[in-house]
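Here is what each chain is made of, one letter per residue.
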Amino acid sequence: MIENKISIPKYSRYERELKQKITKSFNKRIVLISDSHISNAANSLFNRVIFRKALTEIKKIPNVDYIIHLGDLTDNGTYLEYEIAQDLLRNLDSEKLYIIPGNHDSKNVGYLLFEEIFGKRTFEIDDNDIYILGIDSSMPDQDAGHIGMDTIRLCENDFGKHQDQIKLFCFHHQTIPIPYTGRERSAIFDGGDVLNMTLKSDVDLIINGHRHITHAYSCTRGRKDLVIFNCGTLSCNKTRYKEQYTYTILDISEDSLKFVTKRLMADDFLIRERRYNNLFSTNNIDNSKLCARIIHMGNTHYSKNHYDIGLNDNAIKLINSLEPDVIVHTGSLTFSNKEEEYDIAIRELKKFKYPIFLLPGSRDLRKYGWDLFKTEINDQKMIMESENFRILKLNAITRHITTGNVGRRKLKETTEFFQTQDDNKINIVAFNHRLIPPPKLKFDEILTDSGSVINGLTNPANKVHLVLMGKNNIGFTLQLEDTILSYCGTISSFDTVELIKHSFNLIEIYDSGFVQIREFSVETGVSKIIGSYWIKR
């Protein structure tokens, strides 16, 4: 049998891992299946032959503790489909089988049938070693999902009671956009809030389905890793790229996760391994030299009626006092790209004492903004370089796609550019739109091709250390794979996400690879750390 193995990634933070005493060793084995889309319709996408083949193989897997189906058991949520599903699942050990509904299961009032047949739309497994929580992320008759603030708080409370166990969180919709899935859509609307909760709660692994292809991410807020795994489709003919039909065997030990994905058509295995249950140093323990100080700001919304002049002046004084190497403004300089707004913007920009690297935002390029921005803002250079870093401006705004789109050609050019840089500089990409959902904002307001863009910018071969994004008005950071993502607030706009909250980020990078990001409050001048990371130098 052919095996394709992807070894544990060598993230730079692993070199700064704190030693922990392993109190005990254990092993758990879980079989993960998803998106079977069982149906009796003549034109359905359900592949019954593949489904039976998969179940025959799964029954023979030794030492299985649990089998988890991540949703879309049925294709249309009808009574007959649920009856067929029940009959087909009889061959599996019902004591080990746990199922949560997907968006297709909740069609046609199918969520009621799910409850009548399988019981609750949630499940809990409270083992001595691990705690697994499965919830329903579906909304009736909609492809997108939603978990809700009340449920998020309940989940946070549940995870808080199991801090001494390995914590797994299961729901159907994807948490973060994944590659090879086309246009980004139909995720959970509150994905940023869910991600934030799991990071705060020290959840070790999120397991999703929905997108019909397997994928693994590791991410961190600096202290420890969270692994996110997407299951493929077990038996739906709507497959992605070359993977086709799959199930995954998850082996959990005390410090690593091994995902063995069986590709049923190719009759081979794709093996991925990830570290978890690890702690990293969040201090500049080497007392190394500061090599870059960058201000990250955006969404100033300069105009007659949409920005606070007093707060703006306070922010500029505070920024100037920090003596940055560069100020990166990630878009929406104006509110509605009128000529008089650019007059205000140019007046305000002159108050900064340090270099500004400015890129357009979605508000700057509305209607005639494509021509006006070039006319009013003379500095149109795409790359800024210093002795220690380079910043590349990436315009993901299009005239016809409001959420933005980088595009295949532009992404290829960007990654190839960084691949050719053989010096020791810090590589930074800056653009206006969001790659992943931050807290308090809707998932669907991100780049339409965010899965592909994330895959390109976080690929270690492309050597991108840091991504700066605007269009947010909220400070948030995350290290996805080995690349740091930074979102900034607004220093002046009346359009804030949080009450009386105006801010900017200060990013300090040291020659040891240590990166600390602070969010400064414009109202108080006080800062807080929102990320401490390590990058390769």
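Remember, it's a predicted structure, so these values are computed and weren't measured experimentally.

To continue, consider the domain arrangement of the protein chain. The domain boundaries assigned to the protein chain delineate domain 1 (27-280) and domain 2 (290-534). Centre-to-centre separation of domain 1 and domain 2, based on C-alpha positions: 34 Å. Between domain 1 and domain 2, the residue contacts involve 28 residues of the former and 28 residues of the latter. Carbon and sulfur atoms supply 62% of the area that domain 1 and domain 2 bury against each other, a total of about 1,900 Å² over both sides. Considering only the surface of domain 1 that becomes buried against domain 2, Pro-177, Phe-189 and Arg-221 emerge as the three largest contributors, covering 27% of it. In this structure, the salt-bridge partner of Arg-274 is Glu-481, at a minimum N-O distance of 3.0 Å.

Note: strands within a sheet are paired through backbone hydrogen bonds, in either parallel or antiparallel orientation. As summarised here, the arrangement of the 12 strands in space is β5-β6-β9-β10-β12-β11-β23-β24-β22-β21-β20-β19, forming an open sheet in which the pairing is mixed. A strand with exactly one partner marks an edge of an open sheet, and here the two such strands are β5 (123-126) and β19 (383-385). For this sheet, the mean angle separating the axes of adjacent strands, direction not counted, is 20°. Two elements, strand β23 (residues 476-480) and strand β24 (residues 483-487), share 5 bridges in a ladder whose sense is antiparallel. Residue pairing for β24: Thr-477 is matched across the bridge by Ser-486. Contacts from helix α5 (residues 191-200) reach β9 (166-170), β10 (205-208), β12 (225-230) and β23 within the one sheet, and its direction differs from that of β12 by about 135°.

As for its placement among the helices and strands, Glu-339 is situated in helix α7 (residues 339-349). Each C-alpha atom of the pair Glu-339 and Gly-369 lies 9.5 Å from the other, and the pair is 30 residues apart in sequence. Among all residues touching Glu-339, those that are not within four sequence positions of it are Leu-372 and Glu-376.

Now for the sheet that holds strand β17 (residues 326-329). Read across the sheet, 6 strands follow the order β18-β17-β16-β25-β26-β27 without closing on themselves; strand pairing throughout is mixed. Two strands lie at the open edges of the sheet, namely β18 (356-358) and β27 (527-534), each paired on one side alone. Sheet twist, expressed as the mean angle between neighbouring strand axes with direction ignored, is 20°. Two strands pair when backbone bridges link them, and strand β16 (residues 290-297) and β17 are joined in this way by 4 bridges, in the parallel orientation. Residue pairing in the sheet places Ile-295 in a bridge with Ile-327 of β17.

The next point concerns the packing of α7 against helix α8 (residues 369-376). Angle between the axes and distance between the axes are the two parameters that describe a pair of packed helices. As a packed pair, α7 and α8 sit with axes 11 Å apart at the nearest point and diverge in direction by 35°. Helix-helix and strand crossings are classified by hand; for α7 and α8 the assignment is right-handed. Between α7, through Glu-339, Tyr-342 and Ile-346, and α8, the contact on the second element is made entirely by Leu-372, Phe-373 and Glu-376. Class assignment for the residues of the contact of α7 with α8 results in 4 nonpolar, no polar and 2 charged.

This part covers the pattern of salt bridges. Per the stated rule, a full pass over the model turns up 28 salt bridges. The closest approach of N and O atoms between Arg-409 and Glu-413, which form a salt bridge, is 3.1 Å. Taken together, the positions of Arg-409 and Glu-413, both in helix α9 (residues 408-419) and 4 residues apart, correspond to about one turn of that helix.

Let us now look at the environment of Asn-505. With respect to the helices and strands, Asn-505 occurs in strand β25 (residues 503-510). Note on Asn-505: relative accessible area 0%, which makes it buried. Between the C-alpha atoms of Asn-505 and Ile-327, which are 178 residues apart in sequence, the distance is 10.0 Å. Apart from residues no more than four positions distant in its own chain, Asn-505 is found in contact with Ile-294, Ile-295, His-296, Gly-475, Ser-486, Tyr-487, Cys-488, Ile-517, Arg-518, Glu-519 and Ile-530.

Quick look at the side chain of Gln-479 now. Residue placement: Gln-479 occurs in strand β23. Separated by 3.4 Å, the side chain of Gln-479 and the backbone oxygen of Asp-482 make a polar contact. At a separation of 2.9 Å, a polar atom in the side chain of Gln-479 contacts the main-chain carbonyl oxygen of Trp-534. Excluding its chain neighbours within four sequence positions, the residues that come into contact with Gln-479 are Arg-13, Ser-218, Cys-219, Thr-220, Ile-484, Tyr-533, Trp-534 and Ile-535.

Moving on, we get to the packing of helix α2 (residues 79-89) against helix α3 (residues 110-118). Direction vectors running N to C along α2 and α3 enclose 35°, while the axes themselves pass 10 Å from each other. Here the hand of the crossing between α2 and α3 comes out right-handed. Facing Tyr-79, Tyr-82, Gln-86 and Leu-89 of α2, the residues of α3 in contact are Gly-110, Leu-113, Phe-114, Ile-117 and Phe-118. Here the contact of α2 with α3 is built from residues that sort into 7 nonpolar, 2 polar and no charged.

Here the focus is α3. Along α3, the positions that sit buried rather than exposed are Gly-110, Leu-113 and Phe-114. When α3 is viewed along its axis, its buried side chains cluster within an angular range of 105° and face the same direction. Turning to α3, the residues buried within the fold contact α2 and β4 (97-99). Of the residues trailing α3, Gly-119 is marked for its positive phi of about 95°.

Criteria and cut-off values
- Residues numbered from 1 in each chain as written.
- Predicted model: local features only at pLDDT ≥ 70, side-chain atom pairs only at ≥ 80, totals over all residues.
- Heavy atoms only, no water.
- Domains from an automatic or database assignment.
- Contact = heavy atoms within 4.5 Å.
- Buried area = accessible area lost by both parts, 1.4 Å probe.
- Salt bridge = Lys/Arg side-chain N within 4 Å of Asp/Glu carboxyl O.
- Pairing = 2+ DSSP bridges.
- Helix = DSSP H or I, 4+ residues; strand = E, 2+ residues; numbered from the N terminus.
- Axes fitted to C-alpha atoms, helices over the stretch in contact; angles between N-to-C directions.
- Left-handed = near helix turned anticlockwise from the far one by under 90°.
- Nonpolar A, V, L, I, M, F, W, Y, C, P; charged D, E, K, R; others polar.
- Buried < 20%, exposed > 50% of the residue type's maximum accessible area, 1.4 Å probe, protein only.
- Polar contact = N/O pair within 3.5 Å; in protein donor to acceptor, adjacent residues only side chain to side chain.
- Arc of directions from axis to C-beta.

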